Amino acid sequence: MTASELRAALAAGQLGVEALLSRSEPATMSADVESLLRALPGRSAAEISRVLRKGGIGSGASIGDLTLRQRRYLLIALGARPGRRPVLRARSAMPGGCIPM
């Protein structure tokens, strides 16, 4: 995908932050982080700039420039929408129907 196709997929909700950061093709790796993240629905340009600044991600940084720490930060900062609680997964029952404590 080209950078413009990535932006369109993000804007349409067809691609999330986690999926974006896990892509490894050259076009994605060279794409500008800020430009892509500004396409996220429901996120203002000011919010994206603030998140990048707090994460130590400089202007003009590409996806390929991001460290593992910065990627994790973006997932946390942008992964959950305000007002939404994370989905808690129930523990699976052990053999015999016992639930682990």
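This text gives an overview of the structure that appears in the document. Owing to the predicted nature of the structure, the values given are computational and were not obtained by experimental measurement. Throughout, residues of each chain are indexed from 1 in the direction in which the sequence is written. The predicted origin of the model limits local features to residues at a pLDDT of at least 70 and limits the giving and counting of side-chain atom pairs to 80 or more, whereas totals for whole chains, interfaces and linings rest on all residues. Excluded from the side-chain calculation are hydrogens and water; included are all heavy atoms of the structure.

Some details on helix H6 (residues 68–79)
- The first and last C-alpha atoms of H6 sit 15 Å apart over twelve residues, in line with the 16 Å expected at 1.5 Å per residue.
- Looking at the packing, one finds that the buried side of H6 touches helix H2 (17–22), helix H3 (26–29), helix H4 (33–37) and helix H5 (45–54). Runs of E in the DSSP output that reach at least two residues are strands. Runs of H or I that reach at least four are helices, and both are numbered from the N terminus. What a helix is expected to span follows from its residue count: subtract one and scale by 1.5 Å. Between two residues, a contact is recorded if the distance between any of their heavy atoms is within 4.5 Å.

Structural notes on the environment of Tyr73
- Take Tyr73: it is sitting in helix H6.
- Taking the C-alpha atoms as reference points, Tyr73 and Val51, 22 residues apart in sequence, are found 8.9 Å from one another.

As for the pattern of salt bridges
- Salt bridges are defined by distance alone: a side-chain nitrogen of Lys or Arg within 4 Å of a carboxyl oxygen of Asp or Glu. A full pass over the atoms with the stated rule returns three salt bridges.
- Close ionic contact of Arg38 with Glu34 constitutes a salt bridge, the shortest N to O distance being 2.8 Å.
- Each residue's exposure class comes from its accessible area (1.4 Å probe, protein chains only) as a fraction of the maximum for that residue type: buried when under 20%, exposed when over 50%, partly exposed otherwise. Judged by its relative accessible area of 41%, Arg38 is partly exposed.
- Judged by its relative accessible area of 18%, Glu34 is buried.
- Among the ionic pairs, Glu47 bridges to Arg43, the shortest N-O distance being 2.5 Å. Taken as a pair, Glu47 and Arg43 share a single burial class, namely buried.

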